[in-house]
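Each chain, letter by letter, is given below.
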Amino acid sequence: MTDLESRMARKLTDYLDRGVADIRPGTLYRLQQARADALAGIGRAHAAEVELATAGGGSTGRFGMRASPVRWLGALVLIAALGFGFQQWKAVQQVREFEELDLHLLASDLPIDAYLDRGFQNWLRTSFDR
């Protein structure tokens, strides 16, 4: 990487770091993804230069022992983003299940005393757990 590219990367990093507290979470997430993509691109360019310099003799693979820290960081960010996305998806699914249960209960013609009956509560658990 040239000196000009290094200075530009530092300026962009400083700009992105400024005012993070004022950014909405969704926007912050998109900025983190763009930053990770940019860092991965810099890592790929550096890896290509090293591979040309060593003529393939010193390469140990994509995530081998000689992989750059940027790639490992990118992989960790990707894994964390996937884990967070899965957790959010599960939470939304659970909320939808509760909404559906409430809708079924409110749409029924049962008197209020039936909802307080233990047998009814057990029936709900067994019929909606399937």
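Parameters at a glance
- Residues numbered from 1 in each chain as written.
- Predicted model: local features only at pLDDT ≥ 70, side-chain atom pairs only at ≥ 80, totals over all residues.
- Heavy atoms only, no water.
- Helix = DSSP H or I, 4+ residues; strand = E, 2+ residues; numbered from the N terminus.
- Buried < 20%, exposed > 50% of the residue type's maximum accessible area, 1.4 Å probe, protein only.
- Contact = heavy atoms within 4.5 Å.
- Areas by Shrake-Rupley, 256 points an atom, 1.4 Å probe, with all protein chains shown as cover.
- Salt bridge = Lys/Arg side-chain N within 4 Å of Asp/Glu carboxyl O.
- Phe/Tyr/Trp six-rings, centres within 6.5 Å; stacked < 30°, edge-to-face > 60°.
- Patch = residues over 30% accessible without salt bridge, like charges linked within 9 Å, V, L, I, M, F, W, Y side chains within 5 Å.
- pLDDT = per-residue confidence, 0-100.

Here the focus is the overall build of the protein chain. Along its length, the protein chain carries five helices and zero strands. For the protein chain, the α and β elements follow one another from N to C terminus as α-α-α-α-α. When the 130 residues of the protein chain are sorted by exposure, 8% land in the buried category. Residue pairs at least 24 apart in sequence account for 36% of intrachain contacts in the protein chain once pairs closer than 6 positions are excluded. Surface exposure of the protein chain reaches about 11000 Å², of which carbon and sulfur atoms provide 63%.

Attention shifts here to the pattern of salt bridges. Going through the model one piece at a time under the given rule, you end up with one salt bridge. Measuring nitrogen to oxygen at the nearest pair gives 3.6 Å for the salt bridge that ties aspartate 3 to arginine 7. You can see aspartate 3 and its partner arginine 7 sitting in helix α1 (residues 3-17), four residues apart, about one turn around the helix. When its relative accessible area of 42% is taken as the criterion, arginine 7 is described as partly exposed.

This model, assessed by the stated rule, comprises one aromatic pair. On the basis of an interplanar angle of 35° and a centroid distance of 6.0 Å, the ring pair of phenylalanine 86 and tryptophan 89 is categorised as tilted. Here tryptophan 89 and phenylalanine 86 lie together in helix α3 (residues 69-107), a separation of three residues that amounts to about one turn. The exposure class assigned to tryptophan 89 is partly exposed, which follows from its relative accessible area of 48%.

Our next topic: the environment of valine 70. Looking at the element boundaries, valine 70 is found in helix α3. Here valine 70 falls in the partly exposed class, since its relative accessible area comes to 31%. Placed 34 residues apart in sequence, valine 70 and alanine 36 show a C-alpha to C-alpha distance of 8.6 Å. In contact with valine 70, not counting residues within four places along its chain, are Leu39 and Ala40.

Below, the discussion takes up a nonpolar patch on the surface. Taken together, the side chains of Leu39, Ile42, Val70 and Leu73 make up a nonpolar region of the molecular surface, amounting to roughly 280 Å² of accessible area. Secondary structure elements with two or more residues in the nonpolar patch: α2 (25-54) and α3. In this fold, leucine 73 is placed in helix α3. We classify leucine 73 as partly exposed; its relative accessible area is 47%.

Right, let's talk about the environment of valine 77 for a bit. Considering the arrangement of structural elements, one finds valine 77 in helix α3. Using a relative accessible area of 30% as the deciding quantity, one classes valine 77 as partly exposed. For valine 77 and alanine 36, which are 41 residues apart along the polypeptide, the C-alpha to C-alpha distance reads 7.7 Å. The residues contacting valine 77, other than those within four sequence positions of it, are Gln33 and Ala36.

This part is about the confidence of the model for the protein chain. For the protein chain, the mean per-residue pLDDT works out to 76, and 74% of the residues sit at or above 70. Here α2 is the element of the protein chain with the lowest mean pLDDT, 72, and α3 is the one with the highest, 90.

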